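Listed below, chain by chain, are the residues.
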Amino acid sequence: MRLQGAGVSEGIGIGFAYVLQEHAIDVSKKDAGPEEGYRFSKAAEALSRILGERAAAVDKERAEILESHIMLLRDPVLLSDVEKMITDERCNGEYAVNAVFEAYAELFRQSGDELLSMRADDMRDIKNNLLAVMNGYALPDLSVLPKDSILTAEELTTSAAACIDEALVNGFVAAKGGTTSHMAIIARSMGLPAVVGVGGIAHGDRLIINGGTGEIIVNPSQAELAEYRSLMEGRRRERQALEKYRGMPTETSDGRQVELYANIGLEADILKASQADADGVGLFRTEFLFMNRSAAPSEEEQFAVYKKAALAFGKRPVIIRTLDIGGDKEIPYLGLEKEENPFLGWRAIRYCADREELFAAQLRAILRASAFGTIKIMLPMIADLRELRYARSLIRRLCGELAAQGIAFGQNIAVGIMVETPAAALLAGAFAKEADFFSIGTNDLTQYVMAVDRGNQKVAKLYSAYNPAVLRLIYHVSQEARRHNIPCGICGEAGSDPLLTRFFVGCGISELSMASACVLEIRSIIRQTAYADAKAMIDASVEQLADVEDSMALLQGLESGQPLRTSPLGQTNRQVISSPGSWS
Amino acid sequence: MLRRQITINNPSGLHMRPAGVFVKAATPFQSAVSFDIRGHTYNAKSMINVLSAAVKRGDEIELRIEGEDEQACMDAVVSAIESGLGE
C-alpha cells in the first residue's frame, strides 16, 4: 500500500513502525476524596524521577529541556494549585491536573510574548505525561527502541523527542505538523527522513519512507524493498566516494576559486551547515523565524539567532536575506492578506518598506549580530533602484542610531541584492554600481522570466532554468558583475544542479549556495572543470541559444569537454539528447 | 524584610533557562522570596510564577526577601542576576 504525505526531511528510511501510543485518559470531573492529592503528588514525584534518569543519559542541550520540566513538576505554586483544587472541589486528580495545566498553557499562549507562548506546548506535554503516570501507563522510552524503528505518532512531544537514541531510529512519520513542526526540525538535525500528514499506520508495519517525495510504502513487496535498498546503498556509496573532497579547496583544474555556501532557514540548520564543509552561508532565509507564531520575533530574539550563525561561521560570510514574504503565506499578525497575484504583489522589500518598524527591527538585529562575525545583508525582490537606495539609507540611519546608543555593530556591512526580477537582471550594470554583491535567485528569476507558476501543473512544463532566456540573463548578470568588480553568486535550486555547475563556473560566478548536503558533490564537479575551456565554450555559444535543446547541448558539451559544432548549434547532439519537457 | 530594585538584562528576559537559574538561586534559602513587577507580586521560588511574570530585557523588578537568612539570600539572588543567569 502506498500513502502520500509531505516530505519535511530528506532521505530514505526503511524500518518498522513504532507507534507512540497516546492514551485517552478521562479528565471529566468526578467526586473524589483527599487521597487524590496524594495520588497526584506521588505521580509528580515519579515523573520527575523518570525524567531525571533520562536527563542523565542525554547531551546537555536535551537534558536542559527535561530539567525545565522537572522544575515545573516540583514547582510549589503549580503543585499547590492542583492540590487546592482537589481539596476545594473534592474532585479527581485528572480533572484538577487538566484544568490547572490547561489554564497556564492558555495564559502563556495568549500572553503576546513569543517565547512564553511556546511554553504552552511544554505545559501540555507535562500534563499528558502526568496523566499517563497517574493512570499507570509507562512513558514511551525512546532510548530503548528496537533497532530500525520508524517513529510514528500523532505529533512528537518535546519530552519524548529529547530522549531519542538516533542509532535506533531510521525515520519519522507524524499525522500532524509541517516543515517547521518540532518533529521536522528534530529529524533534520539528526539527518533522518521525515514525512508528515499521514495517519493510520499500525505498530510493527514494515515501512519505506521517502522524506524527499513524501511517499510511504506500507508493507512493501520484496521487489520494492530490494529497489529501495539498492537506492539507499547507491546513495551511501556516492556519499562515501564524495567524502574524499571534504576539506579540499573548491577550485577548477586551472586554479579558479569558487566559494560553496550553504542555504539555511532554521536555527537547527546552522550546526549542520557549519559541519558540511561549506565556505559560509549564501542564503539565510529569515522568513521561518516569522512563521507559525502569533507575533513578530523581537529584535532581541532575531539578534540571538543571527549572532549564533555569525559565531558558528566566524570569518566565513553569512549572507542574511531580509524578510521575503507575501500573500502566498497566511501570517495574520503581519497583516498579509490573500492577493490575486501574490508573487506580483505586496511582498519582500515592497512589504518591508511599508512596514518600516518591522524592517528596522530586523536590520538592527542583523547589524548588531554583524559585530560577531562576517555578516552581509541581502535584499530580496529588488526591481527598482529606488528600493536599493531606500534600504541603504535606512541601514545607514540605523548604524548611526546604534553608534549613538553605544551598541556594537559591524562596520561597513556589505549590502547586496537578490537578482530575481527580470528588471534587476536587465539593469544589472546599473545595480552593480550601487550594490556590494549580487546573488541570482534562480527559482524566482525563472518564474518571472517565463511567466510561469510552477505550482500550476497545467503550465509547469514551461518552467525550466535551462531555458535559454534564463541562461542568457544569468550570463548577462554575471558579466556585468565582473565588469563592475562585485561578487556574483547563485542561490536557488539551480545552485546545486550538477548539470549547471560548469555553466555557472564558466560564466565567472564566484559563489554557489545550496543545501549543505550537496556541497561535496558540487565541489567534485568544480575540481574536474577547466574554467578557461568552459568560459570559451559559453562565450562562443550563449548568444545563439534558441531553445531548451540548444541549452542541453551546451550543458552536455561542457560536461563532456567536447567543443560544440558551431551554428546551427549542436545539430548532431540534438539527436542524442532527450528533451526535458514533453513537447512531442 | 529586605527590598532591592534590580534590572534584568538577559536578552530575552526571564524565559525558560534564565528563569530556571533564578529560581534555583532563590530556592535553597529559608526566607520567603518574591518580586514585584507591573503591580503584581510573584513567588521567586516558583518557575511557573516567574515565567508568568513575562519579565523582559530592561525590566526593573523589586526583590523582597524576608526570613532569617534574608541577607545571604539577597546576596545570592543579586549575584545570580548580575552574572547573567547562566547566559
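Structure: see above.
Figured I'd write up the structure that's included with this text. Because the structure is a prediction, the values reported are computed rather than measured. (Residues numbered from 1 in each chain as written. Chains lettered and ligands numbered in written order. Predicted model: local features only at pLDDT ≥ 70, side-chain atom pairs only at ≥ 80, totals over all residues.)

On to the environment of A:Leu79. Residues and elements named next belong to chain A. Within the fold, Leu79 resides in helix 3 (residues 76-89). Assessed through the 19 C-beta atoms surrounding it within 10 Å, Leu79 is described here as partly exposed. Each C-alpha atom of the pair Leu79 and Val97 lies 9.3 Å from the other, and the pair is 18 residues apart in sequence. Not counting residues within four places of it along the chain, the set of residues in contact with Leu79 comprises Ser41 and Ala44. (Helix = DSSP H or I, 4+ residues; strand = E, 2+ residues; numbered from the N terminus. Buried ≥ 20, exposed ≤ 12 C-beta atoms within 10 Å, placed from the backbone. Contact = placed C-beta atoms within 7 Å.)

Moving on, we come to the nonpolar core. Generally speaking, a soluble globular protein has its nonpolar side chains buried in company with each other. Counting residues in hydrophobic clusters, the biggest one holds 98 residues, and the most contacted among them are A:Val281, A:Tyr306, A:Ile417, A:Val419, A:Phe438 and A:Val477. Mapped onto the domain boundaries, this core takes at least three residues apiece from domain 3 (280-415) and domain 4 (420-510 + 530-584) of chain A. Once residues within four sequence positions are removed from consideration, A:Phe438 is found in contact with A:Gly416, A:Ile417, A:Val419, A:Val477, A:Ala481, A:Ile486, A:Cys488 and A:Gly489. In this structure, A:Met71, A:Ile86, A:Val97 and B:Tyr42 belong to the second largest nonpolar core, which totals 89 residues. (Core = buried A, V, L, I, M, F, W, Y, C linked by C-beta atoms within 7 Å. Domains from an automatic or database assignment.)

Once that is clear, we can look at the interface of chain A and chain B. Facing 19 residues of chain A, the contacting portion of chain B comprises 17 residues. Elements supplying a minimum of two residues to the side of chain A that touches chain B: helix 2 (60-73), helix 3, helix 4 (93-109), helix 5 (114-134) and helix 10 (299-313) of chain A. Its residues assigned to classes, the side of chain A that touches chain B shows eleven nonpolar, two polar and six charged. (Nonpolar A, V, L, I, M, F, W, Y, C, P; charged D, E, K, R; others polar.)

Moving on, we come to the sheet that holds strand 1 (residues 2-4) of chain A. All names here are of chain A. If you walk across this open sheet you meet the eight strands as 1-8-7-3-4-5-6-2, and the pairing is mixed. Edge positions in the open sheet fall to strand 1 and strand 2 (6-9), since each of these has one partner strand only. The mean angle between the axes of side-by-side strands here comes to 30°, regardless of whether they run parallel or antiparallel. Bridging between strand 3 (residues 12-19) and strand 4 (residues 149-153) involves four bridges; their strand directions are parallel. Counterpart to Val19 in the pairing with strand 4 is Thr152. Where helix 8 (residues 222-242) meets the sheet, its contacts fall on strand 3, strand 7 (206-210) and strand 8 (215-218), and the angle it forms with strand 3 comes to roughly 120°. (Pairing = 2+ DSSP bridges. Axes fitted to C-alpha atoms, helices over the stretch in contact; angles between N-to-C directions.)

What follows deals with the pairing of strand 8 of chain A. Residues and elements named next belong to chain A. Pairing geometry for strand 1 and strand 8, over three bridges, is antiparallel. Opposite Gln4, over in strand 8, you have Glu215 as the bridge partner. Where strand 7 lies against strand 8, four bridges are found, and the strand directions are antiparallel. Across the sheet, Leu207 pairs through a bridge with Val218, a residue of strand 8. The hairpin formed by strand 7 and strand 8 contains four residues between the paired strands, and Gly214 there has a positive phi angle of roughly 80°.

Geometric descriptors of this kind do not, in isolation, establish any biological role.
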